[in-house]
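One-letter residues, chain by chain:
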Amino acid sequence: MKKILLLFVMCMTLNAIACTNFIITPGASSDGCSMISYSADSHVLYGELYHWPAEDHARGEMLDVREWDANRFLGRIPQVSHTYSVVGNMNEYGLTIAETTFGGREELVDTLAIIDYGSLIYITLQRAKNARDAINVMTSLVSEFGYCSEGESFSIGDPNEVWIMEMVGKGSGCRGALWVAQRIPDGCVSGHANQSRITKINFNDKDNCLYSLDVVSFAREKGYFCGSDEEFSFSAAYNPLDFGGIRYCEARVWSGFRFMNKEMYAYEKLAMGLDGDGRLPLYIKPDHKITRAELTNIMRDHFEGTAMDMSTDIGAGPYHVPYRWRPLEFYVDGKEYFHERAIATQQTGFWFVGQMRKSLKSILWFGCDDANTSILMPMYCNLTEIPKAVKVGNGDILTFSWTSAFWVFNWVAQMTYNRYEYMIQDVRKRQQKLEEEINHRVELFDSALQTTSVKNTSLQVNVFCADLAEHVVSEWKNLGEFLMVKYLDGNLHPEKDGKFLRTKHGAPVSPKHPGYNEDYYRSIVEKTGDKFIMR
């Protein structure tokens, strides 16, 4: 029986403005776990959790491959005898793969190939047990069946090590791919955000650096490079860095790095494209151990506290909103300008922090919509039944569902964007309380799994994850209802500990009218002169 790789997703790859990854090695984390964070950012990507059960396959069975972005049928490849269970971007062994698209040279896209970057990830998760195995599977697949996507950076990690692999095609009619994979040294952290980041290749370190044999010769043949092997830079050859690559992409990596090592603040001008031809390091050593909570909060960043802070310029409006609706570029009097592109963004479909644990089952901490205004829910890698809140088919990008995490998180986010300065405080309170509760429940559940005799661990995991996901969605729906009442019609209804205040007679306490901040009032006067002056 044919097994079809169906990814019920419709999304559009937007070069240089989509997706962010950070990589934490075991030696750099507070609990000794590898971690990969990922935001899948697209205006038409629906946040849901994919699942493929472990299965045995008959000899001669074929797999239908469909393009992740558009569900377009690409072709068929032979199935393997056994495939592993996959929950989202993590499989039963804790292997986790994420990505960001950097585009690169348009002429290198092979439109006739069978494997795109999305199918490459999800097929590999079903066939590989660890990071090195995954690199071998991925490169073997594109070598045999071709690679039909643009340039891509992949984060590939297991409980013991994490790699970055960058890949581009060879153009139509030339099967295969050009690639390089760099292991991030233990004790270090890395990241990528839609710009190729691997530069020099250490051709002599076969334990920590892998590459396609023609990665340099192909660049010479095409005229992308003409120096010696030692001078070769993968990024310079296949995705040359320009101002957009710096300000939209490298700036996000820098902003994440600054939380992990305060010395990275010295690179601020470089991240803004104002400091010559330098490059951010591919990886850095943090000045403290990184916690999962810290990595989660890094994914909520809008350059706060930097020269690129999106909440402080006039574009933030009267309520200091750190968001800018697309497009990012705009023209005034014939000159082109741009908005910042931060890590956290309104168009996120789903995001996660993959926690790859050595002695316990790994967890994909999974969330939907904007990381800044949503919650990550624990999904154990041995999950066999996806919770309804994130299950494929519970709503879609054009179908609202009150039981869908994606839609409930979006509902709260849309309200928060309108009165951000005030509402985000309420969101943060609820986030902190709920995240503390979730962490406590996971700790207790981990302990129970280790100390009790369990006949059906997967069944317990299924029930635990489903109950917690349902609880999160219910709590967030309650938050949305609370925000609706508190900020109704531009008012601010007084409350204490989440309870709205009433007089001794039961009537509502009169609401406050906070209005706008002084800067906004001043801008009105500067724009209109005496039009609104009291006479």
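Preceding block: the structure.
All of these numbers come straight from a predicted model, not from anything done at the bench. (Residues numbered from 1 in each chain as written. Predicted model: local features only at pLDDT ≥ 70, side-chain atom pairs only at ≥ 80, totals over all residues. Heavy atoms only, no water.)

1. Comments concerning helix 2 (residues 131-145)
Quick reminder: α-helices carry 3.6 residues per turn. Residues three or four places apart thus point the same way. Filter applied, for reference: Counting from the N terminus, the helices are DSSP H or I runs at least four residues long and the strands are E runs at least two residues long. In a helix, the anticipated span is given by 1.5 Å times the number of residues less one.
An ideal rise of 1.5 Å per residue puts 21 Å on 15 residues; helix 2 measures up with 21 Å between its terminal C-alpha atoms. Gly 146, located one to two residues past helix 2, shows a positive phi value of around 85°.

2. Regarding empty space enclosed by the protein
As a reminder of what qualifies: Cavities and pockets are found on a 1 Å grid laid over the protein atoms alone: a cavity is a set of points where a 1.4 Å probe fits but cannot escape, a pocket is an open set with protein on both sides within 12 Å along at least five of seven lines, and a lining residue has an atom within 4 Å of such a point. Grid points are joined across faces, edges and corners, and a volume is the space filled by probe spheres set on the points. Polarity classes work like this: nonpolar for Ala, Val, Leu, Ile, Met, Phe, Trp, Tyr, Cys and Pro, charged for Asp, Glu, Lys and Arg, and polar for all others, with Gly in that last group.
Under the defined criterion, the tally for this structure stands at three cavities of 30 Å³ or more. Looking at the second largest cavity, the residues that line it are Met 310, Pro 322, Tyr 323, Arg 324, Arg 326, Glu 340, Arg 341, Ala 342, Ala 344, Thr 345 and Gln 346. Of the residues belonging to the lining of the second largest cavity, the class tally is five nonpolar, two polar and four charged.

3. Quick notes on the state of the cysteines
What counts is decided by this rule: Throughout, disulfides are identified as pairs of cysteine sulfur atoms within 2.5 Å of each other. Only protein chains enter the area calculation, which uses a 1.4 Å probe; residues under 20% of their type maximum are buried, those over 50% are exposed, and those in between are partly exposed.
Enumeration over the complete set of coordinates arrives at zero disulfides. Between Cys 381, a free cysteine, and Cys 465, which holds the nearest cysteine sulfur, the sulfur-to-sulfur gap is 10 Å. Among the residues examined, Cys 381 registers a relative accessible area of 2% and is labelled buried.

4. Observations regarding the sheet that holds strand 3 (residues 34-41)
Inclusion rule: In short, DSSP must find at least two bridges between two strands for them to pair.
In spatial order, the strands read 17-15-2-3-20-21-22; together these seven strands make up an open sheet with antiparallel pairing. Each edge of the open sheet is held by one strand with a lone partner, namely strand 17 (283-284) and strand 22 (377-380). Pairing between strand 2 (residues 20-24) and strand 3: five bridges, direction antiparallel. Paired with Phe 22 across the two strands is Ser 37, which belongs to strand 3.

5. Description of the environment of Ser 153
Applied cut-off: We call two residues in contact whenever any of their non-hydrogen atoms come within 4.5 Å of each other. Distance and chemistry together define a polar contact, namely a pair of N or O atoms within 3.5 Å, with one atom able to donate a hydrogen and the other to accept it when in protein, and with adjacent residues in sequence counting only for side-chain atoms on both sides.
Summarising the element assignment, Ser 153 is placed in strand 12 (residues 151-157). In the structure, Ser 153 is positioned 256 residues away from Phe 409 in sequence and 28 Å away in space, judged by C-alpha atoms. Those residues in contact with Ser 153 that sit more than four places away from it in its chain are Ala 98, Glu 99, Thr 100, Phe 102, Met 165, Glu 166, His 192, Gln 195 and Ser 196. Within the structure, Ser 153 has its side chain in polar contact with the side chain of Glu 166 (distance 2.8 Å).

6. Regarding helix 3 (residues 215-222)
We count it as follows: To be clear, the arc concerns the directions from the helix axis to the C-beta atoms.
Residues of helix 3 that are buried: Val 215, Val 216, Phe 218 and Ala 219. Seen end-on, helix 3 carries its buried residues on one side only, within an arc spanning 165°. Buried residues along helix 3 sit against strand 14 (177-183), strand 16 (209-211) and helix 4 (234-238). Immediately beyond the C-terminal end of helix 3, within one or two residues, lies Gly 223, with a positive phi of roughly 85°.

7. Overview of the packing of helix 1 (residues 117-125) against helix 2
Stated precisely, the cut-off is as follows: Axis angles are defined between N-to-C directions and span 0 to 180 degrees, where every axis is a line fitted to C-alpha atoms and, for a helix, only to the segment in contact. Here the word oblique covers every angle except those under 35 degrees (roughly parallel), over 145 (roughly antiparallel) and from 65 to 115 (roughly perpendicular). The sense of a crossing depends on the near helix, which, turned anticlockwise from the far helix by less than a right angle, makes the crossing left-handed and, turned clockwise, makes it right-handed.
Between helix 1 and helix 2, whose axes approach to 10 Å, the crossing angle comes to 130°. Relative to helix 2, the element helix 1 lies oblique. Helix 1 and helix 2 meet at a crossing whose hand is right-handed. Mapping the contact onto sequence places Leu 120, Ile 123 and Thr 124 in helix 1 and Ala 134, Val 137, Met 138, Leu 141 and Val 142 in helix 2. The class makeup of the residues in the contact of helix 1 with helix 2 is seven nonpolar, one polar and no charged.

These results come straight from atomic positions and should not be treated as a statement about function.
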